[in-house]
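Here's the letter readout for the chains.
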Amino acid sequence: MLNKSIPVWVLCSALKACGVVVLLAFARGAAWLINMMIVAPISDPLRNMQGPEGSFLQNHFREVMDPAHSADTHENWVKTYGKTFRFHGFGRHDYRLLSVDFRVISHILTSPTYEKPWQTRTLLSKLFGRGVFAMEGEEHKTLRKLISPAFSTQSIKAMTPIFFQKAEELRDRWEYLSATPTSIDREGLPPLPPPPSSYSTTRSVADTVLDVSHWFSRAAFDVIGLAGFDYHFRSLQQESEDVYLAYRNMFKVADGSPGVRGLIQLYFPILEKIWPNEGSRVLKESQAVIHHAGQELIQSKKTAILAEKTSPNDIREKDILSLLIKSNLSTDASKRISDADLLDQLSTFLFAGSDTTALTMAWCAHLLSLNPDIQTRLRDEVLSLSACSSKAFTSSEYSPQSHAEAIDALPYLDAIVRETLRLCPPVHGTMRVATFIREGETFQMRKGSYVHIPIEALNFSEDIWGPDARSFNPDRWFSLPHTARVPAHPGILNLMTFSFGPHACPGWKFTMLQTKIFMADASSPLHIQKFNAVLTRPYVYDQFEHGVRLPLKVGKYCPP
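To start, this report covers the structure provided alongside it. Please read these numbers as outputs of a predicted model, since none were measured by experiment. (Residues numbered from 1 in each chain as written. Predicted model: local features only at pLDDT ≥ 70, side-chain atom pairs only at ≥ 80, totals over all residues. Heavy atoms only, no water.)

## With respect to the overall build of the protein
Assigned secondary structure in the protein consists of 21 helices and 10 strands. Within the protein, buried positions represent 48% of all 560 residues. Taking as baseline every contact in the protein between residues at least 6 positions apart, the subset at least 24 positions apart corresponds to 73%. Accessible area of the protein: about 27,700 Å², with a carbon and sulfur share of 59%. (Helix = DSSP H or I, 4+ residues; strand = E, 2+ residues; numbered from the N terminus. Buried < 20%, exposed > 50% of the residue type's maximum accessible area, 1.4 Å probe, protein only. Contact = heavy atoms within 4.5 Å. Areas by Shrake-Rupley, 256 points an atom, 1.4 Å probe, with all protein chains shown as cover.)

## Considering the packing of helix α9 (residues 212-229) against helix α15 (residues 339-370)
Two measures define how a pair of helices packs: the angle their axes make with one another and the distance between the axes. Taken N-terminus to C-terminus, the directions of α9 and α15 make an angle of 140°; their axes are 8 Å apart at the nearest point. In terms of orientation, α9 lies oblique with respect to α15. Here α9 and α15 pass one another in a crossing that is right-handed. Facing α9, whose interface residues are S213, F216, S217, A220, F221, I224, G225 and F229, α15 presents L346, F349, L350, G353, S354, A358, M361, A362 and A365. (Axes fitted to C-alpha atoms, helices over the stretch in contact; angles between N-to-C directions. Parallel < 35°, antiparallel > 145°, perpendicular 65-115°, else oblique. Left-handed = near helix turned anticlockwise from the far one by under 90°.)

## A few points about empty space enclosed by the protein
Applying the stated rule across the entire model yields two cavities of 30 Å³ or more. Looking at the largest cavity, the residues that line it are F229, Y231, F233, V243, Y247, I290, A293, G294, L297, L343, L346 and L350. Counting residues per element, the lining of the largest cavity draws most heavily on helix α13 (residues 278-308), at four residues. Taken together, the residues of the lining of the largest cavity break down into 11 nonpolar, one polar and no charged. (1 Å grid on protein atoms, 1.4 Å probe; cavity = no way out; pocket = protein on both sides within 12 Å on 5 of 7 lines; lining within 4 Å. Points joined across faces, edges and corners; volume = space filled by probe spheres on them. Nonpolar A, V, L, I, M, F, W, Y, C, P; charged D, E, K, R; others polar.)

## What to know about α15
In a regular helix each residue adds 1.5 Å, so 32 residues correspond to 46 Å; α15 covers 47 Å between its end C-alpha atoms and thus fits that length. Within α15, 25 of the 32 residues are buried, which leaves the element mostly enclosed by the surrounding structure. (Expected span 1.5 Å × (residues − 1).)

## Here we look at the pattern of salt bridges
Applying the stated rule across the entire model yields 23 salt bridges. A salt bridge links E139 to R130; the shortest N-O distance between them is 2.6 Å. Assessed through its relative accessible area of 38%, E139 is described here as partly exposed. A salt bridge links D172 to R171; the nearest nitrogen and oxygen atoms lie 3.8 Å apart. When salt bridges with common partners are traced through the structure, they connect D72, E75, K79 and R470 into a single cluster. (Salt bridge = Lys/Arg side-chain N within 4 Å of Asp/Glu carboxyl O.)

## Some words on the side chain of D94
Mapped onto the fold, D94 is located in the loop between β1 (84-88) and β2 (95-99). Assessed through its relative accessible area of 12%, D94 is described here as buried. From its side chain, D94 meets the backbone nitrogen of F90 in a polar contact 2.9 Å long. Discounting residues that sit within four places of it in the chain, D94 has contacts with F87, H88, G89 and Y450. (Polar contact = N/O pair within 3.5 Å; in protein donor to acceptor, adjacent residues only side chain to side chain.)

## Digging into helix α5 (residues 118-128)
Three or more residues of α5 are buried, namely Q119, L127 and F128. Axial view of α5: buried residues confined to an arc of 140°, hence all on one face. Remark: G129 follows α5 within two positions and exhibits a positive phi of approximately 85°. (Arc of directions from axis to C-beta.)

## Observations regarding the packing of aromatic side chains
Using the criterion set out here, one finds 16 aromatic pairs in the structure. Ring centres of Y81 and F85 lie 6.1 Å apart, and the angle between their planes is 45°; on these two criteria the pair is classed as tilted. Judged by its relative accessible area of 0%, F85 falls in the buried class. Aromatic ring contacts, followed pair by pair, group F221, Y231, F233, Y244 and Y247 into a single cluster. In this structure, R218 packs its charged tip against the face of W215, placed 4.1 Å from the ring centre. We note R377 situated over the ring of Y412; from NZ or CZ to the ring centre the distance is 3.8 Å. (Phe/Tyr/Trp six-rings, centres within 6.5 Å; stacked < 30°, edge-to-face > 60°. Lys NZ or Arg CZ within 6 Å of the ring centre and 35° of its normal.)

Structure below.
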């Protein structure tokens, strides 16, 4: 009897223990939920600030983050609540700060009190590993100091032969495709809607519609591959290289919204291991290809460098990979990074160096297509430079660096690129979270409160740029209002697009010069027309499911 009763007793005890554990977990979860949604908001300092109201579970993410609504929302809220106010995140309990006051923004972006949210850093790490954009504190500061020589003016000038090579290659590809009229250069996609009836052209160009966003992306990939890592993707010729395809697939996953499942996985990462979805599988396969190729690239580069140099201190190359390898080989343990961390930096800079620059060039082409008079004026400026420089092409004094300096100095081209970056910032906004509160803060926030930095709102602000702030007007850069100049405006190049402070974009010079050279060398001989309406990043209206596209009519320019 005793032997038979033991299993029953053990089972009952086990059930009771499980019940207690479940009950405790439920109670803890309920207490956490009640504290988050009812108790904590009562003492939240942001509760007393002005801001839009909402129902219990209503959020304002669409109004703040969707470019189709955010510009009007920011303008209306600033007029109603002032330059600094609060709004609701995941419900009425989630108070968040939003500001277009440069005094507030300067404090937040330069103070160690505020960091990128752990959720943002986790998502970045999941995609690209622990790159510099996912780091904070001393670790971030050390790595930024290490890579800064790669983005110096001297280093960027050394990359100009690659910029010209790929710009000319892109121009040749476009001229070849535009020679044969076609509807669009990417197969397997639905036909595009006809242009609006109100749209007309004054010039006759070939009826070739090219997805310029895709082509600029391929060119930017090739550039950062060669300039940063001495790696040939050759994507302008053919999209078949394994590492290129792996990165492309990984970027598609990055472009997608994380959804409810993605948010849950942030808090319960084990879910991805026991129940992977298609995005997780694609990411894992792509990272395996990249990891294998990256290890071979790092090892071959390391071997080649050591074969020529006697010690890491003799390394004088300024490309990103050489600088990282120098740190990797350092005898100073505090300056050394592992092969795994080195590989993470490669993925991070490949994404940042190709994606943001390609978007800038694509939006620039789009804005020029909408403004043929500006396009003509730019072409005249570039062609006048070519005419003046043609004599130097046979001179021994000519060099890509001197040619790049001449292009960089073109005033109207500079104004167009700056105006593009103002109207179409690759990053719509950024976030910070208060990690702790110190005495003497400009304003009080509890630990864990989020701050939204609306880059678009700052770039569109009529208080800063004047009543035509939402218009594409390159001429504004020849006489900026005082509100858009230093010291009133602290951003790099008088823009918030590159941010500022410790986390400012380190590659802004790279983006600016590459964009100018591509627009001057690849686009000026061509005539670009708008074909259909598109929304930001960019997508064809009502064809979102087919991914990023920016179809424009492209034809070789024939002077009258």
